[in-house]
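For reference, the chains in residue letters:
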Amino acid sequence: MIRTHTPAEFARASADLVAAQLKSKPRSVLALPTGSTPLGLYAELVRRARGGSTSLAEARIFDLDEYCGRPAGDPCSYATFIRDQLTKPLALAEDHVRLLRGDAPDFAAECEDYEKTIAGLGGIDLCVLGLGENGHIAFNEPGSAWDTRTRVVELSESTRARIDADADGPRPVPTHGLTLGIQNVLEARQALLLISGPRKLAAKAAFVRGVQDPAWPATCLLRHPSATVIELVEPGRFR
Ligand code: GLP
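My aim in this report is to walk through the structure given alongside it, one point at a time.

So, how was this worked out
- Along each chain, numbering runs from 1 in the same order as the chain's sequence is written.
- The predicted nature of this model means local features are confined to residues of pLDDT at least 70 and side-chain atom pairs, given and counted, to a pLDDT of 80 or more, with totals for whole chains, interfaces and linings taken over all residues.
- To obtain the side-chain values, all non-hydrogen atoms of the structure were used and water was disregarded.
- A pair of strands is considered paired only if DSSP assigns at least 2 bridges between the two.
- Helix and strand labels come from DSSP, where a helix needs a run of H or I of at least four residues and a strand needs a run of E of at least two; each type is numbered from the N terminus.
- Should any heavy atoms of two residues lie within 4.5 Å, those residues are considered in contact.
- Here the axes come from fitting lines to C-alpha atoms, over the contacting stretch only for helices, and the angles between their N-to-C directions go from 0 to 180 degrees.
- Only protein chains enter the accessibility calculation, which uses a 1.4 Å probe; a residue is then buried when its area is under 20% of its type maximum, exposed when over 50%, and partly exposed in between.
- Polar contact criterion, stated in full: a pair of N or O atoms within 3.5 Å, where within protein one must be able to donate a hydrogen and the other to accept it, and residues adjacent in sequence count only if both atoms are side-chain atoms.
- Buried Ala, Val, Leu, Ile, Met, Phe, Trp, Tyr and Cys residues form a nonpolar core when they are joined through side-chain atoms within 4.5 Å.
- Lys and Arg are tallied as positive, Asp and Glu as negative. Neither His nor the chain termini are counted.
- Here, a salt bridge means any Lys or Arg side-chain nitrogen found within 4 Å of an Asp or Glu carboxyl oxygen.
- Angles below 35 degrees are treated as roughly parallel, those above 145 as roughly antiparallel, those between 65 and 115 as roughly perpendicular, and all remaining angles as oblique.
- Note that Gly is not counted as nonpolar here; it falls among the polar residues with everything else outside the nonpolar set of Ala, Val, Leu, Ile, Met, Phe, Trp, Tyr, Cys and Pro and the charged set of Asp, Glu, Lys and Arg.
- Of the grid points, spaced at 1 Å and generated over the protein atoms alone, those admitting a 1.4 Å probe that cannot get out make up cavities, while open sets with protein on both sides within 12 Å along at least five of seven lines make up pockets; any residue with an atom within 4 Å of a point is treated as lining.
- Grid points are joined across faces, edges and corners, and a volume is the space filled by probe spheres set on the points.

Overview of the sheet that holds strand β9 (residues 190–195)
- Read across the open sheet, the seven strands follow the order β1-β10-β9-β6-β2-β3-β5; overall the sheet is parallel. Only two strands of the sheet have a single partner each, and these edge strands are β1 (2–4) and β5 (97–98).
- Relative to β5, strand β3 (residues 60–63) runs parallel, the two sharing two bridges. In the strand pairing of β5, F62 is matched with R98.
- Contacts from helix α3 (residues 78–87) reach β2 (29–32), β3 and β5 within the one sheet, and its direction differs from that of β3 by about 145°.

In structure tokens, the structure reads:
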């Protein structure tokens, strides 16, 4: 576990790992998270790409999850987040970016197509993950089996409460999400779990216990052969 102590250091350490992956394989297949945690990483990647020290021009970009019922153009969709934070600032080629479609007419077909597209590119090289308060990764909620793949899931009460609390204004909270599965994460050649925020203590503690437990989905990474955890340790907080 890499411990960082400022948001800038957290962003740099995360970007270092992504940049190293891109250097070793410019056409890397990246599966990327949304949320407040990776904001600094994306800003740092954009900064480095503009400065010429790294490039995502050849990377293939996927996202981890999406709300069912939210079209890509919805300001609160995860697709909009990835586009605003990364793919638009870097002007990445449209055909290098494949994001889950929250408004797909047939979710089973959407999940199948997502899997096929990833497989057609040779699988995920680097899967970057945030951490949910209840230990979820992407939308793999507690109890998700280790062999799950891209699918529709019902969001837990705690996840829905968090979405509601984080929303800018009142709007219906999604009941379901589309998500890469735990098996997809385990199949990625490399995984990077980013942990930041005071609400993550219980989930982090489960990880630190070192016991693989589907009640805490992030602990699946304990069986991943190449997983890195980067944590932002907040000053003054008991760890
Ligand atoms: C949502 C997403 C997760 C993300 C988590 C943490 O639940 N589905 O993929 O990791 O939020 O978000 P934050 O980084 O804002 O704490």
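So, the side chain of S144
- By secondary structure assignment, the location of S144 is in the loop between β6 (126–129) and β7 (151–154).
- S144 sits in the buried class, given a relative accessible area of 8%.
- Within the structure, the side chain of S144 is placed 2.6 Å from the backbone oxygen of E141, a separation counted as a polar contact.
- Within the structure, S144 has its side chain in polar contact with the side chain of R151 (distance 3.4 Å).
- Not counting residues within four places of it along the chain, the set of residues in contact with S144 comprises R151, I182 and P214.

Observations regarding the nonpolar core
- Core analysis: the biggest nonpolar cluster contains 31 residues, and I124, C127, L129, I137, L193 and L221 have the highest contact counts within it.
- Elements supplying a minimum of two residues to this core: β2, α4 (107–120), β6, α6 (182–187), β9 and α7 (201–209).
- Once residues lying within four places of it in the same chain are set aside, the contact partners of I124 are V29, A31, I118, L180, N184, E187, A188 and R189.

Here we look at the sheet that holds strand β8 (residues 176–179)
- Taken in spatial order, the three strands make up an open sheet running β4-β8-β7, and their pairing is antiparallel. The strands lining the two open edges of the sheet, one partner per strand, are β4 (65–67) and β7. Within the sheet, the average angular offset between the axes of one strand and its neighbour, ignoring direction, is 30°.
- In the sheet, β7 pairs with β8 via four bridges, with the strands oriented antiparallel. Bridging from a neighbouring strand, E154 pairs with H176 of β8.

What to know about the side chain of R151
- Inspection of the secondary structure puts R151 in strand β7.
- The buried charged residue R151 lacks any salt bridge, with E115 as its nearest oppositely charged partner at 7.9 Å.
- Once you skip the residues sitting within four places of it in the chain, R151 turns out to touch C111, N140, S144, G177, L178, T179, L180 and G181.

Brief notes about unusual backbone geometry
- Of note, the phi angle at A91 is positive, near 50°, even though the residue is not glycine.
- Within the secondary structure, A91 is located in the loop between α3 and β5.
- Given a relative accessible area of 65%, A91 falls into the exposed group.
- For A138, which is not a glycine, the phi torsion comes out positive at approximately 50°.
- Along the chain, A138 turns up in the loop between β6 and β7.

Things to note about the packing of helix α2 (residues 39–51) against α3
- Interhelical geometry of α2 versus α3 gives an angle of 40° and a closest axis separation of 9 Å. Relative to α3, the element α2 lies oblique. Across the interface between the two elements, L39, Y42, L45 and V46 of α2 pack against F81, I82, Q85 and L86 of α3.
- By residue class, the composition of the contact of α2 with α3 is seven nonpolar, one polar and no charged.

Some words on the environment of L30
- Its place among the elements puts L30 in strand β2.
- According to the relative accessible area criterion, L30 is buried, its value standing at 1%.
- Taking the C-alpha atoms as reference points, L30 and L56, 26 residues apart in sequence, are found 9.8 Å from one another.
- Discounting residues that sit within four places of it in the chain, L30 has contacts with V18, Q21, L22, L56, A59, R60, I61, F62 and L126.

Comments concerning the layout of surface pockets
- Approximately 1100 Å³ is the volume attributed to the largest pocket.
- Together, 41 residues line the largest pocket, and G35, S36, Y67, Y78 and D166 are the ones closest to its centre.
- Elements with a contribution of two residues or more to the lining of the largest pocket: β4, α3 and α5 (157–166).
- Among the elements that take part in the lining of the largest pocket, α5 stands out by supplying six residues, more than any other.
- Classifying every residue of the lining of the largest pocket gives 16 nonpolar, 14 polar and 11 charged.

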